[in-house]
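Survey of secondary and tertiary structure
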Amino acid sequence: LRVVAGVEAEAAHLLEIGICAEPFAGVHFAAGEPGAGRPSAPGERAGGAPFFRFCSVPDLLLEGVRLSIEVDFNKAEAHFRNIPDVEGVAPVPPTPMLSWLKEHERMTIIKNRPTGELECTLFKSHAEHLHDLIDQGTLDGDLAGAVLGDSGARVASGQVAAVRPEVPEDYHFYVVLPA
């Protein structure tokens, strides 16, 4: 990214760069809220909004200098730097993204489950009961393996963290420029 002019303008602090999930689901700019956003999805917890803002970008952005943004998904962090390095500008520490990525992985798993598994009280109670039996050691062997291998039963019993998404979620960079 390279801004040619305007970083001294009053609206320059409104520049927003980040990463988002499902941009086609919509975006809004609401009064009193910072930047891009949209209403929370059912079951979405705090810190799991679809838009993750890179807050340190305006601190690093200089007129006429390129800004590099690198996201390391293995370390779950984002790195920012000017190209070339600018004397007198302190480096910005990496931005941790782990909690945001974990929340989106959890929501991806939940969204991809059949609605009946998520809403059926009988299914949930049976899944919890079977997992309790496994934990107590009274259910083992092939049946225990089948229960533990069933991602629907794991999600219904609250063990979402033990399930991997069948299809990884796509992430997209976004830029909001003040007018």
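Just above sits the structure.
The notes below deal with the structure included here. From a predicted model like this one, the values you see are computed outputs, not experimental measurements.

1. Some words on the pattern of salt bridges
Applying the stated rule across the entire model yields two salt bridges. Residue Glu 103 pairs with Arg 106 through a salt bridge whose shortest N-O separation is 2.9 Å. Separated by three residues within a single helix, Glu 103 and Arg 106 lie in helix 2 (residues 98-111), roughly one turn from each other. Look at Glu 103 and you get buried, because its relative accessible area is 6%.

2. So, helix 4 (residues 121-136)
In an α-helix, one turn spans 3.6 residues; hence positions three or four apart end up facing the same way. Between its first and last C-alpha, helix 4 extends 22 Å over 16 residues, near the 22 Å set by a 1.5 Å rise per residue. Burial in helix 4 covers these residues: Ala 127, His 131 and Ile 134. For helix 4, the buried positions fall inside an angular range of 55 degrees around the axis, keeping them on one side. In helix 4, the exposed positions that point more than 90 degrees away from the buried face belong to Thr 121, Leu 122 and Gln 136. Looking at the packing, one finds that the buried side of helix 4 touches helix 5 (141-149) and helix 6 (151-156). In the segment just after helix 4, Gly 137 is the residue with positive phi, at about 85 degrees.

3. What about the packing of helix 4 against helix 5?
Helix 5 packs onto helix 4 with a crossing angle of 125 degrees between their chain directions and a minimal axis gap of 10 Å. In this view, helix 4 runs oblique relative to helix 5, as classed from their interaxial angle. In the packing of helix 4 onto helix 5, the handedness of the crossing is left-handed. Where helix 4 approaches helix 5, its residues Leu 130, His 131 and Ile 134 are matched on the opposing element by Ala 144, Val 147 and Leu 148. Considered class by class, the residues forming the contact of helix 4 with helix 5 number five nonpolar, one polar and no charged.

Rules and cut-offs
Residues numbered from 1 in each chain as written. Predicted model: local features only at pLDDT ≥ 70, side-chain atom pairs only at ≥ 80, totals over all residues. Heavy atoms only, no water. Salt bridge = Lys/Arg side-chain N within 4 Å of Asp/Glu carboxyl O. Helix = DSSP H or I, 4+ residues; strand = E, 2+ residues; numbered from the N terminus. Buried < 20%, exposed > 50% of the residue type's maximum accessible area, 1.4 Å probe, protein only. Expected span 1.5 Å × (residues − 1). Arc of directions from axis to C-beta. Contact = heavy atoms within 4.5 Å. Axes fitted to C-alpha atoms, helices over the stretch in contact; angles between N-to-C directions. Parallel < 35°, antiparallel > 145°, perpendicular 65-115°, else oblique. Left-handed = near helix turned anticlockwise from the far one by under 90°. Nonpolar A, V, L, I, M, F, W, Y, C, P; charged D, E, K, R; others polar.

Geometric values such as these leave the question of function open.
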